[in-house]
Amino acid sequence: MDEIFRQQVFEVIRLIPGGRVTSYGAIAKAVGYPNHARHVGNALRHYDDDFPAHRVCNSSGHITASCLEDFTKKLSAEGIKVEGNRIQHFRNVFWDPLEEL
């Protein structure tokens, strides 16, 4: 994976406000690669403990990362309710980097 792409993805994710979430696809669009949602997910395989990866989900509001329990706890601490692996009221908490940056 291109290191510049990875850095851009991480930069956008760091800007997601607490209590909000965005999708892999929205991040891909924001960095200029609208059809590369899967590459955003791949970029998130390695990150520091304090990195807000828990604020990224798929386009339908499902947490698809393997650390569901950890992400659910972190989102709950930010006021976001998760049932199963689905973020409740997804449209209300969705943060679109193209509109909000």
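Note that the coordinates shown come from a computational prediction; the quantities given were computed from them, not determined experimentally.

Undergrad: Break down the environment of Arg 38 for me, citing the residues and quoting the values.
TA: Considering the arrangement of structural elements, one finds Arg 38 in helix 3 (residues 37-43). You can call Arg 38 exposed: its relative accessible area is 70%. Taking the C-alpha atoms as reference points, Arg 38 and Leu 101, separated by 63 residues in sequence, lie 22 Å from one another.

Undergrad: Residues and numbers for the packing of aromatic side chains, please.
TA: As enumerated under the stated definition, the model contains 4 aromatic pairs in all. Seen from their ring centres, Phe 10 and Phe 51 are 4.5 Å apart, and the 25° between their planes marks the pair as stacked. One end of the pair, Phe 10, is in helix 1 (residues 3-14); the other, Phe 51, is in the loop between helix 3 and strand 2 (56-57), and 41 residues separate them in sequence. This pair shows no difference in class: Phe 10 is buried, exactly as Phe 51 is. Aromatic side chains Tyr 47 and Phe 51 sit 5.8 Å apart centroid to centroid with 40° between the ring planes, which places their arrangement in the tilted category. These aromatic residues form a ring-pair network of at least three members: Phe 10, Tyr 47 and Phe 51. The lysine or arginine in question, Arg 6, covers the ring of Phe 10, its NZ or CZ lying 4.3 Å from the ring centre.

Rules behind the numbers
Residues numbered from 1 in each chain as written. Predicted model: local features only at pLDDT ≥ 70, side-chain atom pairs only at ≥ 80, totals over all residues. Heavy atoms only, no water. Helix = DSSP H or I, 4+ residues; strand = E, 2+ residues; numbered from the N terminus. Buried < 20%, exposed > 50% of the residue type's maximum accessible area, 1.4 Å probe, protein only. Phe/Tyr/Trp six-rings, centres within 6.5 Å; stacked < 30°, edge-to-face > 60°. Lys NZ or Arg CZ within 6 Å of the ring centre and 35° of its normal.

None of the figures reported here should be taken as evidence of function without further support.
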